[in-house]
Amino acid sequence: MIEVKKTYKNYVDGKYVRSESGKTYTITLGGEHFELPLTSRKDIRDAVVSSKSGYKKWLSTSPYTRTQILYRLSEMLEGNKESYINILKNNGISKRNAEKDFNNSIEKIIWFAGLADKWEQLVGNLNPVSGEYFNISHQNPIGVVFSLNKDELSLNQLISSILPALTVGCSVISLSNNSGLLALKFAEDINNSDLPAGTLNILSGNFGKLIDDISKHVEINLLAIHKELTFENIKKIEENASTSVKRVKIYPSTEGISSILPYLETKTVWHPKGT
Amino acid sequence: MVNWQYSESIESSEIVKIKKKYTNYIGGKFVEPSSKKYLNTVSPSTEEILSKVPLSNQKDIDNAVIAARSGFEKWSSITPYERSQYLFKIARLIQERSREFAVLESLDGGKPIKESRDFDLPQVAANFFYFAGWADKLDLSWSAKELKPYGVVGQIIPWNFPLLMLAWKVAPALATGNTVVLKPAETTSLTALHFAELCHDAGLPAGVVNIVSGNGSTGASIVNHKDINKIAFTGSTQVGKLIQKSLAGREVGLTLELGGKAANIVYEDAAIDQAVEGVVNGIFFNQGHVCCAGSRLLLQESIHDQFIKKLEKRMQTLRVGNPLDKNTDIGAINSKEQLEKITSLVNEGVSDGGELFQIECELPGNGFWFRPSLFTNVQPSYSIAREEIFGPVLTTLTFRTPEEAIEIANNTEYGLSAGVWTEKGSKILWTADRLEAGVVWANTFNKFDPSSPFGGYKESGFGREGGRHGLLSYLKASS
């Protein structure tokens with residue numbers, strides 16, 4: 001019997017799509033070759049359009065519902081545990097480490113799921129201003145976040161590069177290169193977790209070739225760089241970002257409260273008190 | 001019949017002794033600039049030369065950064081409680097010399113004495129008091145495992161609130177354990193240089209605060225200095241972008257507080273008379289030299305004519321003139337360059353087709369002045385509706401529905417502040433949630449407090465100043 005082999009596709013706006021360029025690149029895993037979509041400039045633009053609408057939908061989703069959707073994501077992953085562990089093992093990771101990586105991923109998703117309806121209480125506050133005013137600082141998500149994943153094959157790493165931004169209500173475009181297969185596999189579970197279309201778009205490809213298109217795109221509000229880049233590339237990203245005062249976070253924290261702070265804008269609202 | 005003729009009430013300038021020439025303050029010493037060059041500082045209300053301030057060069061900045069580095073060692077070696085005490089002491093000294101600073105601010109910058117006396121200086125002292133108390137409580141401020149100061153911070157501040165912007169920068173930087181090299185704006189350096197004397201009097205360890213005056217190239221020397229750990233800048237979006245670009249690839253912290261074009265939304269169910277007052281305060285406070293000024297008035301169509309009529313009547317009562325007259329509402333425009341910029345944008349607004357109302361009043365013969373101005377019949381595409389004018393010029397746009405108001409309000413690259421006027425609570429909250437702005441004033445405008453975070457969305461910059469959130473601008477946090 002001939003084995004049926006899956007075609008891996010980008011995940012954009014809730015749909016599995018090939019690169020509009022028709023181009024792919026090859027990943028070798030466990031001696032097997034896989035063709036992954038080589039994301040083009042046009043694909044990035046499409047992903048941004050989708051992320052903008054995804055952001056609106058995610059923003060209007062209540063924190064309680066966001067918690068449930070993220071928790072459901074962990075349930076979906078758990079159901080496919082074996083296939084993740086197989087991908088990791090095929091890449092030469094020991095069974096024990098593969099299981100550890102998977103279990104850490106589940107733990108991380110559940111940690112962030114439980115934070116989705118609490119973080120506002122941890123980072124916002126009333127301000128004791130002089131005079132008869134009600135004054136509160138609370139947070140808005142920053143908007144569309146582009147996140148560059150590491151090349152290292154790790155589900156936990158992928159999730160850590162996405163969840164902080166997603167938890168606080170940002171929409172995320174995640175790009176992976178060498179780790180692309182795992183990311184596109186993960187996209188299948190996103191689709192089953194009820195995340196609104198466009199909230200999380202998963203792409204595979206070569207960041208180096210898209211660096212200007214991504215860092216100059218004015219509708220991406222923040223760039224989170226998790227993959228180690230050369231000095232020249234970091235400089236280029238930061239220079240491009242300055243044309244629209246875009247926020248750039250190089251190797252941001254992925255744990256604890258510090259992990260969500262980059263994705264928030266503080267809004268302070270004043271109102272007089274009186275009779 | 002009672003004679004209501006106006007009689008002026010001039011604040012005496014005797015309280016402040018302006019030196020003929022000032023020096024930089026580096027490493028606890030008052031030193032001549034190594035450039036041996038000076039800039040004239042002019043009173044914008046008389047065009048009289050008040051004094052000379054150093055035009056510092058790269059060598060001066062090198063010296064200041066070296067001093068700040070050694071100051072950082074000293075500042076790090078004392079206890080948080082001691083740092084707190086120094087800041088409390090500075091706060092008290094400011095209160096004691098408050099009138100002197102207020103008069104100097106009005107002379108050098110052109111702002112009305114009633115604003116420098118009743119707003120700027122009380123806020124300066126309040127900022128030092130507020131952050132003084134944080135210095136020994138940083139571990140309670142955020143639930144991050146480690147909070148560390150950056151080290152040496154370069155701070156570049158604008159000319160609209162010279163001493164207040166210094167306080168916004170210096171107080172949190174010192175409270176979080178950093179040391180600073182601060183450059184005041186070239187047209188308004190005097191209060192910063194007097195503040196140096198005050199630091200000296202407070203016995204602040206040498207090098208903790210370094211004040212270096214100069215122009216844009218002096219600022220660039222600070223930004224490009226190899227041994228600086230963080231830059232905090234307040235000024236135009238254009239310069240902010242250049243600074244962000246200069247720091248690319250350099251692992252130097254950055255916070256930017258840049259321009260704005262705030263929408264001040266007045267719904268038809270607002271308390272109209274209060275809204276008129278708020279709109280006037282929103283744009284004419286400090287001659288409109290305010291980054292968060294409510295410079296775009298968004299009026300619901302149904303109240304447009306009535307509101308404009310009341311607004312013009314109220315504007316006509318504004319008193320323009322001598323900043324030291326205690327009755328003055330609108331002082332001098334800060335510089336000739338700024339006056340030219342305002343004039344050119346207003347001329348463009350007229351030629352675009354905007355309808356211009358300016359109050360009738362006599363303007364002093366010397367100095368830089370601009371009549372409070374209101375544009376109606378404006379299209380959103382006009383420059384006066386898009387660009388920051390940074391002067392006493394209000395631009396009116398209209399809307400029909402709340403959704404349309406939000407769309408117009410957010411249709412700008414800026415996102416510093418916004419205002420909303422309505423008597424309906426749910427509409428305030430609905431509107432505030434949707435405005436892309438770091439500060440939203442509801443049924444009020446231009447209120448500030450050291451405990452209240454201030455800063456922008458989008459191209460109005462990043463980072464916050466003030467409040468618990470302001471501490472994060474000067475601390476590196478890790479989990």
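Please read all numbers here as calculations on a predicted model, not as lab measurements.

Visitor: Would you mind showing me how to read the overall build of chain B here?
Guide: Scanning chain B from N- to C-terminus turns up 15 helices and 19 strands. Each of the three principal axes of chain B carries a C-alpha extent, and together these read 65 × 55 × 40 Å. The buried share of chain B, taken over its 479 residues, is 57%.

Visitor: Honestly, the interface of chain B and chain A in this entry has me stumped. Any pointers?
Guide: For interface size, the figure often reported is the accessible area lost on association. Residue-level contacts link 35 residues of chain B with 33 residues of chain A. Mapped by element, the contributors of at least two residues to the side of chain B that touches chain A are helix H8 (237-246), helix H14 (425-434), strand S17 (439-442), strand S18 (461-462), helix H15 (467-471) and strand S19 (475-478) of chain B. Per-class residue counts for the side of chain B that touches chain A are 13 nonpolar, 14 polar and eight charged. Of the strand pairs in this sheet, strand S12 (residues 264-272) of chain A and S17(B) are connected by three bridges, and their pairing is parallel. Bridging across to S17(B), A:Thr268 finds its partner in B:Val439.

Visitor: Explanation requested: the packing of helix H3 (residues 98-109) of chain B against helix H4 (residues 113-134) of chain B in the structure shown.
Guide: In helix packing, the relevant descriptors are the interaxial angle and the interaxial distance, both defined with respect to the helix axes. Residues and elements named next belong to chain B. H4 packs onto H3 with a crossing angle of 125 degrees between their chain directions and a minimal axis gap of 9 Å. Taken together, the axes of H3 and H4 are oblique relative to one another. Every pair of crossing elements has a handedness; the one defined by H3 and H4 is right-handed. Residues Ser98, Arg99, Phe101, Ala102, Val103, Glu105 and Ser106 of H3 pack against Ile113, Ser116, Arg117, Asp120, Leu121 and Ala125 of H4. A class-by-class count of the residues in the contact of H3 with H4 yields six nonpolar, three polar and four charged.

Visitor: Just to check I follow, could you spell out the sheet that holds strand S6 (residues 133-141) of chain A for this structure?
Guide: Where strands meet in a sheet, backbone hydrogen bonds hold them as pairs that are either parallel or antiparallel. The mixed open sheet is built from 10 strands, whose spatial order is S5(A)-S6(A)-S12(A)-S17(B)-S16(B)-S11(B)-S12(B)-S15(B)-S14(B)-S13(B). One side of each edge strand has no neighbouring strand; the edge strands of this open sheet are strand S5 (125-126) of chain A together with strand S13 (355-358) of chain B. Taken together, the three bridges between strand S14 (residues 373-376) of chain B and strand S15 (residues 393-399) of chain B define a ladder with parallel strand orientation. Among the inter-strand pairings, B:Ser373 is bridged to a residue of S15(B), identified as B:Val393.

Visitor: I would appreciate a short explanation of the pairing of strand S7 (residues 144-148) of chain A in the present structure.
Guide: Remark: a regular strand shows side chains that alternate across the two faces of the sheet. Counting buried positions along S7(A) gives five out of five residues, so the element sits mostly inside the fold. A two-sided burial pattern is seen for S7(A), the buried positions comprising A:Val144, A:Phe146 and A:Leu148 on one face and A:Val145 and A:Ser147 on the other.

Visitor: Whenever I open this one, the environment of A:Tyr16 confuses me. Can you help?
Guide: All names here are of chain A. Turning to its location among the elements, Tyr16 is positioned in strand S2 (residues 15-17). Separated by 185 residues in the primary sequence, Tyr16 and Asn201 have C-alpha atoms spaced 10.0 Å apart. For Tyr16, the contacting residues outside a window of four places in its chain are Lys9 and Tyr11.

Visitor: I tried to follow the nonpolar core on my own but got confused; where do I start?
Guide: With 86 residues, the main nonpolar core has B:Leu87 and B:Phe128 as its most contacted residues. Element by element, the count of residues in this core is highest for helix H5 (residues 162-175) of chain B, at 11 residues. Ignoring sequence-local partners within four residues, the contact set of B:Phe128 consists of B:Leu87, B:Ile90, B:Ala91, B:Ile94, B:Ala167 and B:Ala171. Of all hydrophobic cores here, the second largest spans 69 residues; its members include A:Ile109, A:Ala183, A:Val248 and A:Leu264.

Visitor: In this structure, what is going on with the pairing of strand S3 (residues 24-29) of chain A? I would like to understand it.
Guide: Residue and element names in this part refer to chain A. Note that S3 and strand S4 (residues 32-37) share six bridges and pair antiparallel. In the strand pairing of S4, Thr24 is matched with Pro37. What sits between the antiparallel neighbours S3 and S4 is a turn of two residues, in which Gly30 has the positive phi angle 55 degrees.

Visitor: Sorry, what's going on with the packing of H4(B) against H5(B) here?
Guide: Residue and element names in this part refer to chain B. Between H4 and H5, the shortest axis-to-axis distance is 9 Å and the interhelical angle comes to 5 degrees. By the angle between their axes, H4 is roughly parallel relative to H5. Residue-level inspection shows Asp120, Gln123, Val124, Asn127, Phe128, Phe131, Ala132 and Trp134 of H4 in contact with H5, the latter providing Leu163, Leu164, Ala167, Trp168, Ala171, Pro172 and Ala175. For the contact of H4 with H5, the class distribution of residues is 12 nonpolar, two polar and one charged.

Visitor: I'm lost on the environment of A:Thr26 in this one. Help?
Guide: Residues and elements named next belong to chain A. Within the secondary structure layout, Thr26 lies in strand S3. Overall, Thr26 belongs to the exposed group, with 9 C-beta atoms counted inside 10 Å. The spacing of Thr26 and Pro37 is 11 residues in sequence and 9.0 Å in space, taken between C-alpha atoms.

Visitor: For this particular structure, what's the right way to read the domain arrangement of chain B?
Guide: All names here are of chain B. Here the domain parsing of chain B yields domain 1 (24-258 + 458-478) and domain 2 (263-442). Distance between the C-alpha centres of domain 1 and domain 2: 30 Å. Each side of the interface is counted separately: domain 1 has 19 residues, and domain 2 has 24 residues. The set of elements that each furnish at least two residues to the side of domain 1 that touches domain 2 consists of H3 and H4. Among the elements that take part in the side of domain 1 that touches domain 2, H4 stands out by supplying three residues, more than any other.

Visitor: Please explain the environment of A:Met1 as it appears in this structure.
Guide: All names here are of chain A. With respect to the helices and strands, Met1 occurs in the segment before strand S1 (10-12). On the basis of neighbour counts, which here come to 3 C-beta atoms within 10 Å, the residue Met1 falls in the exposed class. Residues Met1 and Tyr133 lie 132 residues apart in sequence; the distance between their C-alpha atoms is 75 Å.

Visitor: Teacher, can you tell me more about unusual backbone geometry here?
Guide: Residue and element names in this part refer to chain B. The residue Asn286 is not glycine, and still its phi comes out positive at about 55 degrees. Tracing the backbone shows Asn286 in the loop between helix H9 (272-284) and strand S12 (296-300). In this structure Asn286 comes out as buried when scored by C-beta crowding, with 22 C-beta atoms within 10 Å.

Rules behind the numbers
- Residues numbered from 1 in each chain as written.
- Chains lettered and ligands numbered in written order.
- Predicted model: local features only at pLDDT ≥ 70, side-chain atom pairs only at ≥ 80, totals over all residues.
- Helix = DSSP H or I, 4+ residues; strand = E, 2+ residues; numbered from the N terminus.
- Buried ≥ 20, exposed ≤ 12 C-beta atoms within 10 Å, placed from the backbone.
- Contact = placed C-beta atoms within 7 Å.
- Nonpolar A, V, L, I, M, F, W, Y, C, P; charged D, E, K, R; others polar.
- Pairing = 2+ DSSP bridges.
- Axes fitted to C-alpha atoms, helices over the stretch in contact; angles between N-to-C directions.
- Parallel < 35°, antiparallel > 145°, perpendicular 65-115°, else oblique.
- Left-handed = near helix turned anticlockwise from the far one by under 90°.
- Core = buried A, V, L, I, M, F, W, Y, C linked by C-beta atoms within 7 Å.
- Domains from an automatic or database assignment.

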